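Each chain, written out:
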Amino acid sequence: MEFNVTIKRNLIAGTALALSATAAMAQEEIVFVSCGSGSDPQAAVQAEHIADWEAANPDYTVNLEFVAWSQCQERVMTLAAAGNAPAVAYLGSRVLKQLSESGLIRPIDLSAEELDSYEPSVLSTVSFDQKVWGMPRAFSSQALFYNKTLFAEAGVDMPEGPTTWEELLAAAKAVSENTDADGFGMPADTTDTAMHAWMNFLYSNGGAILDADGNVTFDSPAVVETLAMYGELAKYSQNGPLAYDRASLEPLFSEGRIAMYTTGGWGRSKTGDVDYGIAFVPHGPSGESGSVLITDSLVVFDNTGVGDTAEDLVTYLTAPERQADFDLAGGWTPIRKTAAIDALIAEDPSWSYFIDSVPSGGSEPLFVDYIGMRDAINEAIQTVVVGDGTAEEAADTAQAELEDLLD
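Treat the numbers as computed from the prediction; the structure is a model and nothing was measured.

With that settled, consider the overall build of the protein. Along the backbone of the protein there are 18 helices and 11 strands. Whereas a compact globule of 407 residues would reach a radius of gyration of roughly 22 Å, the protein reaches 22 Å, a difference of no more than 12%. Dimensions of the protein along its principal axes, counting C-alpha atoms only, are 70 × 50 × 40 Å. Counting all 407 residues of the protein, 56% fall into the buried class. Considering only contacts in the protein between residues 6 or more positions apart, those separated by 24 or more positions represent 77%. For the protein, the distance from the average site of its 19 positive side-chain charges to the average site of its 62 negative ones is 5 Å.

Structure follows, in structure tokens:
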């Protein structure tokens, strides 16, 4: 969820100096660093909520600073490691494991009622060691987009879109053989989005990369099945999938050059003039339709002198009604269970494909070495996509690499 951004003049370097100036200042100021842009629609909503919190907590001032995603996470983590952490930061949840293992952030104490307001699958994106390490703030799930015109030209009679892997492969094959388009858009480069696209199908086959005890399960039957299916699907995808990330597929879909691809709710604004439909991610023989679930979260850093107050601010901002306002402004999949979800679906029924798949979805696996984990998974995907090895061989290799990363 990266945004184009103009960095505020008050950068974190200035924050570090302010934090070290006096203990009294640190106890009165809540330094809040947000990856992203202060010009995004949800930023205005958050600013109103912060002002309300400040009015109820007059002894504290929130110093909110925005930093570009390209620089933000590394800078915050570097400052935290040096003892100059902000009190609160808005970061990608994938860094939580590293921050926790380094002793830089504190778990957030939630009541049973607060925990119940989240789907367990959403909490899994920020939870490990039986603790919640960040409050989900921005959330996305994915669905299958399909071109109705290309389906008709290819003789594909699936008015609601494909629902199973068998139907997905049949539709992709028919489009590839009977039209000038490719049946499926497959991102298979080295980026996060390539891994995410494949995970949509993994979670729609009942698979997982880590089990409930944190053990690597990449050589499980469900994972092998998903890799094998992806290798078959690559036969009906655009040429050179290893050169594509998800964003580079968007123009191919809007120009009618691919018939299907998976993406998030934002994809609805990038379809051009295509007569398209949305369907749940087709499921495999071992599961039901799900989605990869991605969150960014608010984290509370430890040893800042204002930890309890910072946690109060974070839980205030992410309370159900305020979080719903933030989600609506940002155009994201709603995070918490509120009446606003029913109203959202009533106004735009296509939201149901992104919301109803959440309970059976799954998160990015939380590894300390996120990059190493992503690279091991993408290498397995690429192996089957280009036919350099079997699904079993790719899974075994990735299993060993992922186990090494955990060790």
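Per the counting criterion, the structure on display carries one disulfide. Across a sulfur-sulfur distance of 2.1 Å, Cys35 and Cys72 are joined as a disulfide pair. Taking the torsion about the S-S bond as the criterion, the Cys35 to Cys72 disulfide, at about -85°, is left-handed. Of this pair, Cys35 sits in strand β1 (residues 29–35) while Cys72 sits in helix α4 (residues 69–81); the two residues are 37 residues apart in sequence, bridging distant segments of the chain.

Structurally, the protein comprises domain 1 (28–140 + 294–352) and domain 2 (142–290 + 367–406). Tallying the contact residues gives 10 residues for domain 1 and nine residues for domain 2. Roughly 870 Å² is buried in total at the junction of domain 1 and domain 2, and carbon and sulfur atoms are behind 60% of that figure. Contact with domain 2 buries surface across domain 1, with Arg94, Ser140 and Ser350 losing the most and accounting together for 48% of the total. Seen at the junction of domain 1 and domain 2, the total is two salt bridges.

Criteria and cut-off values
Residues numbered from 1 in each chain as written. Predicted model: local features only at pLDDT ≥ 70, side-chain atom pairs only at ≥ 80, totals over all residues. Heavy atoms only, no water. Helix = DSSP H or I, 4+ residues; strand = E, 2+ residues; numbered from the N terminus. Rg over C-alpha atoms; globule rule 2.2 N^0.38 Å. Buried < 20%, exposed > 50% of the residue type's maximum accessible area, 1.4 Å probe, protein only. Contact = heavy atoms within 4.5 Å. Lys, Arg positive; Asp, Glu negative; His and termini not counted. Charge placed at Lys NZ, Arg CZ, Asp CG, Glu CD. Disulfide = S-S within 2.5 Å. Domains from an automatic or database assignment. Buried area = accessible area lost by both parts, 1.4 Å probe. Salt bridge = Lys/Arg side-chain N within 4 Å of Asp/Glu carboxyl O.

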